[in-house]
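# Architecture at a glance
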Amino acid sequence: MKELTLGLVGVGRIGVMHARNIAALEGTLPDVKVKLRLTDVAADHAKRVAADLGAEFVPSVEELLATGVDGLVIAAGTAVHPELIMAGVDAGIPVFCEKPVAVNVAESLPVLDYVEAHNGVVQIGHQRRFDAGYLEAKRAFGAGELGWIHSLRAVTCDMTPPPVSFLATSGGLFCDCSVHDFDILRWLTGREIVEVYAKGSNNGDPEIGAVGDVDTALAVVTFDDGTVATVSASRYNGAGHDVRLEIQGSQSSLLVGLDEQLALRSAEAGVPFPSGAPHQTFIERFEQAYQDEMAAFADLILGNRTNPCPPQDAVAASRVADAAQESLETGLPVTVKL
Ligand SMILES: NC(=O)c1ccc[n+]([C@@H]2O[C@H](COP(=O)([O-])OP(=O)(O)OC[C@H]3O[C@@H](n4cnc5c(N)ncnc54)[C@H](O)[C@@H]3O)[C@@H](O)[C@H]2O)c1
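Within every chain, residues take consecutive numbers counted from 1 along the sequence as written. Whole-chain, interface and lining totals are the exception, using all residues; otherwise, since this is a predicted model, local features are given only for residues with pLDDT of at least 70 and side-chain atom pairs are given and counted only at 80 or more. The basis for every side-chain value is the complete set of heavy atoms in the structure, and neither hydrogens nor water enter the calculation.

What follows concerns the sheet that holds strand β4 (residues 71–74). At least two DSSP bridges between two strands are required for those strands to pair. By the criteria applied, helices consist of DSSP H or I runs no shorter than four residues and strands consist of E runs no shorter than two, each listed in order from the N terminus. A sheet is described by the order of its strands in space; here six strands give the open sequence β3-β2-β1-β4-β5-β6, paired in parallel fashion. One side of each edge strand has no neighbouring strand; the edge strands of this open sheet are β3 (56–57) and β6 (122–125). The sheet contact formed by strand β1 (residues 2–9) and β4 spans four bridges and is parallel. Residue Val-9 lies in a different strand from β4, and its bridge partner there is Ile-74. The strands that helix α11 (residues 287–301) touches are β1, β4, β5 (95–98) and β6; relative to β6, the one it contacts most, it runs at about 180°. Any pair of residues with heavy atoms lying within 4.5 Å of one another is described as a contacting pair. Axes here refer to lines fitted to C-alpha atoms; in helices the fit is confined to the stretch in contact. Angles between the N-to-C directions go from 0 to 180 degrees.

This brings us to the environment of Tyr-236. In this structure, Tyr-236 sits in the loop between β10 (228–234) and β11 (242–249). Relative accessible area decides the class of each residue, using a 1.4 Å probe on protein chains only: under 20% of the type maximum gives buried, over 50% gives exposed, and in between gives partly exposed. Residue Tyr-236 is classed as partly exposed on the basis of its relative accessible area, which comes to 35%. Expressed as a C-alpha distance, the spacing of Tyr-236 and Ala-295, which sit 59 residues apart in the sequence, is 32 Å. The residues touching Tyr-236, leaving out its near neighbours within four places in the chain, are Asp-158, Met-159, Pro-161, Gly-204, Asp-205, Ile-208 and Asp-215.

Further remarks concern the sheet that holds β10. Spatial strand order, β12-β11-β7-β10-β9-β8-β13: seven strands in an open sheet with mixed pairing. Sheet topology places β12 (253–256) and β13 (334–335) at the edges, where each strand pairs with a single neighbour. Each of β7 (149–157), β8 (193–201), β9 (216–223), β10 and β11 touches helix α8 (residues 173–189); the most contacted strand, β9, lies at about 30° to it. Running over the sheet, helix α12 (residues 311–330) touches β8 and β13 and is turned about 50° from β8.

So, about the packing of α8 against α12. Remark: α8 packs on α12, axes separated minimally by 8 Å, with the N-to-C direction vectors making an angle of 125°. In terms of their interaxial angle, α8 and α12 are classed as oblique. Pair α8 / α12 crosses with right-handed handedness. On α12, the residues touching Phe-174, Cys-175, Val-179, Phe-182, Asp-183 and Arg-186 of α8 are Asp-313, Ala-316, Ala-317, Ser-318, Val-320, Ala-321, Ala-324, Gln-325 and Leu-328. Note that Gly is not counted as nonpolar here; it falls among the polar residues with everything else outside the nonpolar set of Ala, Val, Leu, Ile, Met, Phe, Trp, Tyr, Cys and Pro and the charged set of Asp, Glu, Lys and Arg. When grouped by side-chain class, the residues that make up the contact of α8 with α12 number ten nonpolar, two polar and three charged. Each angle gets one of four labels, with under 35 degrees taken as roughly parallel, over 145 as roughly antiparallel, 65 to 115 as roughly perpendicular, and the rest as oblique. By the definition used in this description, the sense in which the near helix is turned from the far one sets the handedness, with an anticlockwise turn below a right angle giving left-handed and a clockwise turn giving right-handed.

Shown next as structure tokens:
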């Protein structure tokens with residue numbers, strides 16, 4: 001029986017879910033005993049999470065790393081990702097870090113250099129790469145079943161915004177939210193996005209505008225073969241958490257997210273579809289994908305697989321997000337700096 005001890009930094013919205021998924025890993029990995037040690041600057045909250053899951057609370061990241069964990073999972077806010085990734089690499093252990101690497105490309109590049117110079121192993125949390133619908137879309141695309149692609153439309157809408165305190169350090173809607181779509185468009189097509197034209201609006205809480213963000217945005221992106229796609233996002237989708245990717249080709253079309261829980265209703269008479277309760281949050285929508293992503297990180301540590309999302313890929317998606325942000329601010333199309 002092998003022992004695998006994971007350290008987790010940050011048990012906020014997504015960190016608590018990762019903590020649960022790590023605690024449940026033992027049931028999915030054959031012959032592996034999994035231990036979890038966690039820390040958060042909100043110590044009382046973290047102690048409660050640790051107690052609930054039978055994990056060990058450790059007062060600081062330094063002490064966590066000093067205990068000799070086999071891998072570090074980073075689910076603290078984006079602003080502290082660079083220092084935490086580098087601390088994990090310094091400790092000589094594989095690192096899983098939630099997306100994105102940093103709030104922008106300029107702050108990501110020194111991290112990439114550091115990881116490369118120290119032969120670090122870093123998996124970034126783009127969980128859609130593990131989602132059954134996106135995997136099927138990639139398979140169908142790769143097999144040529146759709147013919148040549150004339151249009152792609154990606155949608156990511158939250159029901160309600162995260163706290164403004166989170167938004168203030170998130171890097172903005174493109175960096176925080178649409179970066180998932182930029183990543184999946186590159187991953188699925190195997191192509192680079194070379195130009196972005198973006199618009200945004202703020203019709204919700206004025207505090208979102210006050211911290212320099214938008215609550216809704218649309219980007220038109222162009223791939224290196226001239227194919228165009230749209231990427232839209234909002235923090236105010238009352239119908240439910242809505243994540244979709246529509247791919248239309250010369251032979252056939254498909255839609256990721258078209259199931260009974262789709263957060264849309266038909267305007268046509270007598271159409272009961274979709275009949276299920278829509279997802280409320282990303283945690284519900286990608287429940288299985290997050291579990292598979294963490295299992296993949298455990299397998300990466302154990303040497304059983306290659307890295308499913310290296311930081312170079314994540315930074316390539318951030319380049320598109322940065323270009324979208326620049327386009328939003330200037331009102332002009334922006335060439336992506338490859
Ligand atoms: N993959 C996804 O679908 C997805 C979804 C949501 C969030 N995220 C990413 O996850 C990260 C966290 O997001 P969240 O919504 O959970 O944020 P959050 O604010 O709810 O939680 C962050 C937690 O980290 C703690 N923290 C901050 N700095 C710390 C430090 N230096 N040391 C220890 N603890 C620290 C905070 O106290 C808080 O509990 C962000 O980078 C975000 O982009 C990814």
